[in-house]
Structures are given as structure tokens and as C-alpha cells.
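# Summary of the model geometry
The primary structure of each chain is shown beneath.
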There are 2 protein chains.
Amino acid sequence: MTVPGTARTLVAQPLTATAFAPFGTLIDTAQVAPRPMNAGMAQRFHDLAAIEVTGDGGRVVVGLVEAQPYPLPLRLTLVERHPLGAQAFVPLNAAPFLVVVCPDDGGRPGRPQAFVTSPHQGVCYARNTWHSVLTPFGAAQDFVVIDRGGPGVNLEEYVFEQPWTVTLPARD
Amino acid sequence: MTVPGTARTLVAQPLTATAFAPFGTLIDTAQVAPRPMNAGMAQRFHDLAAIEVTGDGGRVVVGLVEAQPYPLPLRLTLVERHPLGAQAFVPLNAAPFLVVVCPDDGGRPGRPQAFVTSPHQGVCYARNTWHSVLTPFGAAQDFVVIDRGGPGVNLEEYVFEQPWTVTLPARD
């Protein structure tokens, strides 16, 4: 049995804009006041995240991802980052998913921080920010992904010497 | 009663990549073969649409839109276009929505073409392409929107002298 709070165990915290700010941007209707558009027939939550891309030939592309669920507690063995561009994911259903990010520590990931999203929250990982792969749990989940397309090496992976364990918070 | 086929009545056709090609790009898992990622835990349908932006200070931004439904048959009074960037919409549920686009005819919209999406299809309107506003029907619908943020005038609207009527195809 995994005991939350041990050295290599993380308890995922609710994802908030403030907590996530060092790592990127929360894509969430709670972040801005909506603007009416289309003669009042729509409410737009504008400019929740900008997709930075760098490097020759870089462009912003839209894709779709079908992600399989991971068992909990999560055994986190790897994080990755994208040196040439930001990467945003917006879920196509209301299920929460896990988000694990790490500060950079001299070119390697520092201590991970784990979050669990609220329904309909998406995330934009800032360029070159260490993060876990898409981590649904409970059921498969589809996402819109918005990130950099184009030439260049835009993936760096880091495998932890020892895995981290990520748990959900205990329910009240 | 509206009779399909009259001069200013359009019967929405199923949206296909070929039919939509003059106006932009379909965002749909059927368009490309998926690539495995994350050690096989996810399938990625990559680079379904690129988000072109032009103009000083232009950047690609991600937003969310909550759109109210329109009654059918649709009374189409207006189309718009964005001279400085493409604009993509991906629905957050499986409901179809209407997509109306027009070829340009000397700076004004030509005869509209109406489409109805299949479940989970999204669209990317090419830069400067005349299109209807977001048009769900039956129920409100939420969308991810990916388009241009930044300074500059990026909206042109055209009001038809006489509205068009858009109907769904008759069911088999």
C-alpha cells in the first residue's frame, strides 16, 4: 500500500491558475469574463492561452488525441518537454485528468508537482516545461491538442531513476 | 413552409474534407492515420489543421465559446471573415452543427454552401474565408476556438440584402 506523503509520493492537488502559473496557463472559463459575440448568441472566453512557437518553419497546428487511462496510484516514470513550443490540451469530456509538472533544475526536472483537473479544465504547458504525458484515469479520454508543427527536434524526455507515485487526495 | 431548392434556400450537405477544401480544413480523426505516442497509451491524429496568422503582433490563442442554438430552418442573414488569421472550432460534444461558407466574389460573399457536421468533426476556416457564425441547433454547444489574437482589425461582416434559408436534408 502506498502512503501519501512519503518521499517519492505525491498527492495530486486541485488544479488552480495560481498553482499552475509557473508551468503554463489554465484553459478554463473561470479565468476571464466572457464577451458576448454573434449578436449575443454566444459567450466567448477569449485568449485563455497563447501558443508560443519558435524555430524555423514552426507553425501552430491542431490535432486530436485518444488517450488510454492509467491505473491509480500512478507510477510516474517519465516526463517530457518541448523546447520549440507550448502545448495545450483541452479534454472533450468533463472527466478530470492528472497533470504532473516539474520545475527545471539545471536541465533536469526538479521535484514533480501533481494536480488533478476540475471538469472541462484544459492546460497549456509553457514552452520547455517538464510535464507528464496525458494521464486520464478511470476511462479513456479524448483531447484537442494545439502545439507546434514543423521541422526541428521538439521533444526531450527524462526517465526518473526511481519512479514517483501519484495519488488522488482522500475524499471528504 | 420552406421548399428546399428554391433560389435562396440551401439544403445542408454532409461535411466532407473534399467539399470543404476550398474554405479550410476539416478537423476529424478520419483525415489521417493516427500515430502511437506515450508508449502506445495514446493515439495522436496530428496536424489536422494549421492556424495561419498574419499581421504585426499576431499570435495564436486558445479560447472557449458557449453557443446558443438557432431554430431550424436557419435564417442566415450575415457572414463574416477574418483577414488576419484562420479560425478553428472543435465541438466539446458529439452534436452536429451547421457550417455555412461562401466563396469570395470580388470582395463580397458569393452563393453560400451549407454543411452539417458529423459527430466530433471540427472546422478550421482559412484566413479571409466568408463563414457563418457558430450555428448549433437543438441545444447549446461548447467549442474550443483557436484563432488569432493581437492588434489589428480582424473582422469583416457582410449582411445579405435578403436572408438565405438553410434546412437539414430530409431523413431517409
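Reference entry: report on the structure contained in this document. It should be emphasised that the depicted structure is a prediction, and the values quoted were computed from it without experimental measurement. (Residues numbered from 1 in each chain as written. Chains lettered and ligands numbered in written order. Predicted model: local features only at pLDDT ≥ 70, side-chain atom pairs only at ≥ 80, totals over all residues. Heavy atoms only, no water.)

The next subject is empty space enclosed by the protein. Scanning the model with the defined rule gives two cavities of 30 Å³ or more in all. There is about 60 Å³ of room inside the largest cavity. The class makeup of the residues in the lining of the second largest cavity is five nonpolar, four polar and one charged. (1 Å grid on protein atoms, 1.4 Å probe; cavity = no way out; pocket = protein on both sides within 12 Å on 5 of 7 lines; lining within 4 Å. Points joined across faces, edges and corners; volume = space filled by probe spheres on them. Nonpolar A, V, L, I, M, F, W, Y, C, P; charged D, E, K, R; others polar.)

A few words now on the pattern of salt bridges. Evaluation of the coordinates by the stated rule reveals 10 salt bridges over all chains. R59(B) is paired through a salt bridge with D47(A); the nearest N and O atoms lie 2.4 Å apart. One end of the pair, R59(B), is in strand β6 (residues 59-67); the other, D47(A), is in strand β5 (residues 42-50), on a second chain. Using a relative accessible area of 27% as the deciding quantity, one classes D47(A) as partly exposed. Residues D147(A) and R44(B) are paired through a salt bridge, measuring 2.8 Å at the closest nitrogen-oxygen approach. Taken together, the positions of D147(A) in strand β16 (residues 141-149) and R44(B) in strand β5 (residues 42-50) put the pair across two chains. As far as burial versus exposure is concerned, D147(A) and R44(B) are alike and both buried. (Salt bridge = Lys/Arg side-chain N within 4 Å of Asp/Glu carboxyl O. Helix = DSSP H or I, 4+ residues; strand = E, 2+ residues; numbered from the N terminus. Buried < 20%, exposed > 50% of the residue type's maximum accessible area, 1.4 Å probe, protein only.)

We now examine the relation of the copies chain B and chain A. Of the transformation superimposing chain B on chain A, the axial component is 0.0 Å and the angular component is 180 degrees, with the fit at an RMSD of 0.0 Å. Considering both components of the superposition, the chain copies are consistent with a two-fold axis. Every residue of chain B has its C-alpha some distance from the rotation axis, and the shortest such distance is that of L92(B), at 2.5 Å. Same-surface contact between copies: 100% of interface residues of chain B are shared with the interface of chain A. (Least-squares fit on C-alpha atoms with pLDDT ≥ 70 in both. Contact = heavy atoms within 4.5 Å.)

By size, the foremost hydrophobic cluster in this structure holds 30 residues, and its most contacted members are I27(A), I146(A) and I27(B). Taken together, the elements giving at least two residues each to this core come down to β5, β6 (59-67), β8 (87-91) and β16 of chain A together with β5, β6, β8 (87-91) and β16 (141-149) of chain B. Contacts of I27(B), omitting those with residues within four sequence positions, involve V62(A), L64(A), L48(B), A49(B), A88(B), V90(B), H120(B), Q121(B), G122(B), V123(B) and C124(B). (Core = buried A, V, L, I, M, F, W, Y, C linked by side-chain atoms within 4.5 Å.)

Where empty space is left in the structure can be found by rolling a water-sized probe over the atoms. Considered as a void within the structure, the largest pocket measures approximately 680 Å³ in volume. The wall of the largest pocket is formed by 33 residues, among which E80(A), V133(A), E157(A), M37(B) and N38(B) lie closest to the centre. Contributions of two or more residues to the lining of the largest pocket are made by β7 (74-81) and β16 of chain A together with β4 (35-37) and β5 of chain B. With six residues, the top contributor of residues to the lining of the largest pocket is β7(A). Of the residues that constitute the lining of the largest pocket, the class distribution is 14 nonpolar, 12 polar and seven charged. As for the second largest pocket, its lining consists of 18 residues, of which R35(A), R44(A), H82(B), D147(B) and L155(B) are closest to the centre. Breaking the lining of the second largest pocket down by element, the ones donating at least two residues are β4 (35-37) and β5 of chain A together with β16 of chain B. Taken together, the residues of the lining of the second largest pocket break down into four nonpolar, eight polar and six charged.

With respect to the helices and strands, N154(B) occurs in the loop between β16 and β17 (156-167). Ignoring anything within four residues of it in the chain, the contact list for N154(B) reads R81(B), H82(B), P83(B), L84(B), G85(B) and R148(B).

With that settled, the discussion passes to the packing of aromatic side chains. Counting across every chain of the model gives 18 aromatic pairs over all chains. Here the aromatic rings of F20(A) and F23(A) are separated by 6.4 Å at their centres, their planes lie at 45 degrees, and the arrangement is tilted. The two residues F20(A) and F23(A) agree in class, both being buried. Look at F89(B) and F143(B): their rings are 6.3 Å apart centre to centre, the planes differ by 85 degrees, and that puts the pair in the edge-to-face class. Highlighted residues: F89(B) in strand β8 and F143(B) in strand β16, separated in sequence by 54 residues. Take F89(B) and F143(B): they sit in the same class, and that class is buried. Here a set of aromatic residues connected by ring pairs shows up, and it is made of F20(A), F23(A), F89(A), F97(A), F115(A), Y125(A) and F143(A). The positively charged end of R8(A) is found above the aromatic ring belonging to W164(A), 4.2 Å away from the centroid. (Phe/Tyr/Trp six-rings, centres within 6.5 Å; stacked < 30°, edge-to-face > 60°. Lys NZ or Arg CZ within 6 Å of the ring centre and 35° of its normal.)

Turning our eyes to something else, we now look at the pairing of β8(A). Residues and elements named next belong to chain A. For β8, the buried fraction is high: five of the five residues fall into the buried class. Side-chain alternation along β8 places Q87, F89 and P91 on one buried face and A88 and V90 on a second face that is also buried. Across three bridges, β8 lies against strand β13 (residues 122-125) in antiparallel orientation. Following the sheet pairing, A88 is matched in β13 by C124. As judged from the four bridges shared by β8 and β16, these two strands associate in the antiparallel manner. (Pairing = 2+ DSSP bridges.)

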